[in-house]
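Here is what each chain is made of, one letter per residue.
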Amino acid sequence: TSSRFELAVCMVILLNALTLGAQTDYMAKHQSHDVPEHFAYAETVLCVVFVIELILRVIVFRWRFFTKVGWQWNLFDCVVVGIQVIEQILA
């Protein structure tokens, strides 16, 4: 993968972490279990971005995605993105 692609993915991961932190802070301050609409929208958009990123990496590497050096991280990414997709479906 290109270094630009990796940098873009890192920036999206950072944005996701900041969004989750802001959402947690908001919900703690407001003693609420309901996720505000703007946070729910951000979660959905970021989930779609992570799914696209994962699909692109599988397309580029094909089966090597699951066998190349560091395949464990790729499997971890699949699990994390899969859990996020399930959470979005159930929300």
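Residues numbered from 1 in each chain as written. Predicted model: local features only at pLDDT ≥ 70, side-chain atom pairs only at ≥ 80, totals over all residues. Heavy atoms only, no water.

### With respect to the overall build of the chain
Helix and strand counts for the chain come out as three helices and zero strands. Counting from the amino terminus, helix and strand elements in the chain follow one another as α-α-α. Burial statistics for the chain: of 91 residues in total, 22% are counted as buried. Entry remark: accessible area of the chain is about 6900 Å², with carbon and sulfur atoms responsible for 71%. The chain carries 6 positive and 8 negative side-chain charges, and their two centres are separated by 18 Å. (Helix = DSSP H or I, 4+ residues; strand = E, 2+ residues; numbered from the N terminus. Buried < 20%, exposed > 50% of the residue type's maximum accessible area, 1.4 Å probe, protein only. Areas by Shrake-Rupley, 256 points an atom, 1.4 Å probe, with all protein chains shown as cover. Lys, Arg positive; Asp, Glu negative; His and termini not counted. Charge placed at Lys NZ, Arg CZ, Asp CG, Glu CD.)

### Focus: the nonpolar core
Ranked by size, the top nonpolar core spans six residues in total: Leu46, Phe50, Leu54, Phe61, Phe65 and Val81. In terms of residues, this core owes the most to one element, helix α2 (residues 37–61), which gives four residues. (Core = buried A, V, L, I, M, F, W, Y, C linked by side-chain atoms within 4.5 Å.)

### Considerations on the side chain of Glu43
Residue position: Glu43 is located in helix α2. Here Glu43 occupies a buried position and makes no salt bridge, while the nearest side chain of opposite charge, Lys29, is found at 17 Å. At 3.2 Å, the side chain of Glu43 forms a polar contact with the side chain of Gln23. Leave out the neighbours within four places in its chain, and Glu43 touches Gln23, Val35, Gln84, Glu87 and Gln88. (Salt bridge = Lys/Arg side-chain N within 4 Å of Asp/Glu carboxyl O. Polar contact = N/O pair within 3.5 Å; in protein donor to acceptor, adjacent residues only side chain to side chain. Contact = heavy atoms within 4.5 Å.)

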